Amino acid sequence: MSRVTGLSCRECGTLFSATPIHVCELCFGPLEVSYDYEVIGAQVSRASIAAGPPSLWRYKALLPVEGDRLVDTHAGWTPLIRAENLGRALGLRDVWVKNDTVNPTFSFKDRPVSIAANKALEFGFDTIACASTGNLAGAVAAAGAKAGLRPVIFIPADLEPSKIGAASVYGPTVVAVDGTYDDVNRLCSEIGDTYSWAFVNINVRPYYSEGSKTLAYEVAEQLGWQTPDRVVVPIASGSLFTKVWKGFNELLKLGLATGPRPKMVAAQAEGCSPVVQAYRARTLNVQPVRPRTIAKSLAIGNPADGYYSLKIIRESGGDAEAVSDAEIIEGIKLLARTEGIFAETAGGVTVATLKKLAEAGRVDPDERIVVYVTGNGLKTLEALAGQLAEPIRIPPSMSAFEAALTRSPQPVGGR
Ligand SMILES: *Cc1c(COP(=O)(O)O)cnc(C)c1O
Ligand SMILES: [Zn+2]
């Protein structure tokens, strides 16, 4: 018996067969993969997972991939780090950082793309495409290269040059569109109606997004099959946010993990915070915005999963907060200087959001909190231009060095 029962409509519940579709024919609601948890429960255990590979494929029994022909870029199974220094700086006693900066293309997007690329092959597509805020471009280009699928990437033309380079190296077709991500996405929907391509965040989105569940599975397994009290997750479209929630709930339902249903904290950049604005206004209706932030990987003004994210914030007893560009940079520096992890702007967003909540007394200092750090700082070096101390330049003499030493910064981490 198959563990995947089909695609179900998140609005009306109608079940469709598992094909490359993403909206309900009856009500235009979004579709999501639906499972038979009795079948999964009979196939999977903590021991069977632990015996699996050190990648997200250890959770294959919980993912919608059939067969054995895995396009494997070895995404996932990234470190979960006890962040004692960061916690001390924030006055919190049990903070952990899920370090997804160390994925194959340096962001968590390798996780959903691993599922999307395998489904693209299963469905017989020859081209894998995406609308990207940056990191997805690199992940799709790399997986396409590995899978022998032609990658076609669509990006907003104002993307960070280093992110364009980090995708172009894999040899995809890169199309830079004059407009925002939301313009790019609209164009891609049109292209998807004409070309029979696997658009990872359009027609194969239901499968793609399931890959993000592994960020919940790994955290629970790495905590000894315990769920944390609270998690801080960045939101662009809200896909990651909704799937982290789904992942924790599945583990609890299957009895694989024990503990609370985590309080879900949504983190956005103030310059693109439609979900946080709706949360503040106590509504589930997201008003689209025009993004203006250095956190370009999160710059989606009209988030497809915004409404569902807001429902989850409510249901989990969670929270939502947004931070300014200056706070994002402070967040990047704080994480780097306390934990030695260099995050991109999205990681600055989650760290700065936790700082803001801690300072406002909106978290319990004793609760176990996991901060998701979803992308690598080397991809957004531009964001730090002019924000860091210059090297101390000296002539090659001992006295010049000793004079310079008196001007050098002191560590903030450690004891
Ligand atoms: C894409 C992305 C996210 C969140 O994306 P969703 O669309 O909300 O799933 C978070 N962090 C980084 C670094 C990203 O690239
Ligand atoms: Zn429907």
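The preceding data block contains the structure.
Report follows, based on the coordinates.

Let's talk about the nonpolar core
In terms of nonpolar packing, the biggest core is built from 79 residues, with Val200, Val244 and Tyr372 touching the most fellow members. Within the second largest apolar cluster, 46 residues are counted, among which are Ala131, Val265, Leu357 and Ile369.

Considerations on a nonpolar patch on the surface
On the surface, Ile392, Ile394, Met398, Phe401 and Leu405 cluster together into a nonpolar patch covering about 450 Å² of accessible area. Tracing the sequence through the fold places leucine 405 in helix H15 (residues 398-405).

Here we look at the coordination of the zinc ion (ligand 2)
For the zinc ion (ligand 2), every protein donor is listed as Cys9 (SG), Cys12 (SG), Cys24 (SG) and Cys27 (SG), and the spread of their distances is 2.2 to 2.4 Å. Around the zinc ion (ligand 2), the four donor atoms are arranged such that angles at the metal cover 98 to 119 degrees; this shape is classified as tetrahedral. We classify cysteine 27 as partly exposed; its relative accessible area is 32%.

Digging into the pattern of salt bridges
Applying the stated criterion across every chain yields a total of 28 salt bridges. Aspartate 366 serves as the salt-bridge partner of arginine 93, at 2.4 Å between the closest nitrogen and oxygen. Taken together, the residues span a long stretch of sequence, with arginine 93 in the loop between helix H3 (84-90) and strand S5 (95-99) and aspartate 366 in the loop between helix H14 (345-359) and strand S13 (369-373) at a distance of 273 residues. With relative accessibility at 53%, the residue arginine 93 sits in the exposed group. Taking relative accessible area as the criterion, aspartate 366 reaches 47% and is therefore assigned partly exposed.

Points about the site of ligand 1
Among the 16 residues in the neighbourhood of ligand 1, the closest are listed as Lys109, Asn135, Ser237, Leu240 and Thr374. Between lysine 109 and ligand 1, the recorded distance is 2.8 Å, taken from a side-chain N or O atom to an oxygen atom. Between ligand 1 and the protein, one listed contact pairs an oxygen atom with a backbone N or O atom of glycine 238 at 2.9 Å. Protein chains shield 97% of the accessible area of ligand 1, which is 380 Å² for the free molecule. Most atoms of ligand 1, that is more than half of them, are within 2 Å of grid points of the largest pocket. For the shell around ligand 1, the residue count by class is seven nonpolar, seven polar and two charged.

Conventions and cut-offs
Residue numbering note: each chain is counted from 1, following its sequence as written. To read the labels, note that chains go from A and ligands from 1, taken in the order they are written. Reporting in this predicted model follows two pLDDT cut-offs: at least 70 for local features of residues, and 80 or more for side-chain atom pairs to be given and counted; totals over whole chains, interfaces and linings ignore these cut-offs and use all residues. The side-chain values count all of the structure's non-hydrogen atoms but skip hydrogen atoms and water molecules. Throughout this description, the term nonpolar core refers to a set of buried Ala, Val, Leu, Ile, Met, Phe, Trp, Tyr and Cys residues connected via side-chain atoms within 4.5 Å. Any residue under 20% of the maximum accessible area for its type is buried, any over 50% is exposed, and the rest in between are partly exposed; the area is computed with a 1.4 Å probe on protein chains only. Only residues whose relative accessible area exceeds 30% and that take part in no salt bridge are eligible for patches, with like-charged residues grouped when within 9 Å of each other and nonpolar side chains (Val, Leu, Ile, Met, Phe, Trp, Tyr) grouped when within 5 Å. Per-residue accessibility takes into account occlusion by the displayed protein chains alone, with areas from the Shrake-Rupley method and a 1.4 Å probe. Here, a salt bridge means any Lys or Arg side-chain nitrogen found within 4 Å of an Asp or Glu carboxyl oxygen. Strands are runs of DSSP state E lasting at least two residues, helices are runs of H or I lasting at least four, and both sets are numbered from the N terminus onward. Only nitrogen, oxygen and sulfur atoms count as donors, using a 2.8 Å cut-off from the metal that widens to 3.2 Å for Na, K and Ca. Water is left out, so coordination shells may look unfilled. Think of it this way: with four donors and all angles in the 85 to 135 degree range, the site is tetrahedral; with four or six donors, opposite ones beyond 155 degrees and the rest between 65 and 115, it is square planar or octahedral; otherwise it is irregular. Consider each residue's heavy atoms; a residue with any of them within 4 Å of a molecule or strand counts as near. Polar contacts, as used here, are pairs of N or O atoms within 3.5 Å; protein pairs need one atom able to donate a hydrogen and one able to accept it. Residues neighboring in sequence count only if both atoms are side-chain atoms. For each structure, a 1 Å grid was placed over the protein atoms alone; sets of points admitting a 1.4 Å probe that cannot get out are labelled cavities, open sets with protein on both sides within 12 Å along at least five of seven lines are labelled pockets, and lining residues have an atom within 4 Å of a point. Pocket occupancy is defined atom-wise: a molecule lies in a cavity or pocket when more than half of its atoms are within 2 Å of its grid points. Here the nonpolar group is Ala, Val, Leu, Ile, Met, Phe, Trp, Tyr, Cys and Pro; Asp, Glu, Lys and Arg are the charged ones; every other residue, Gly included, is treated as polar.

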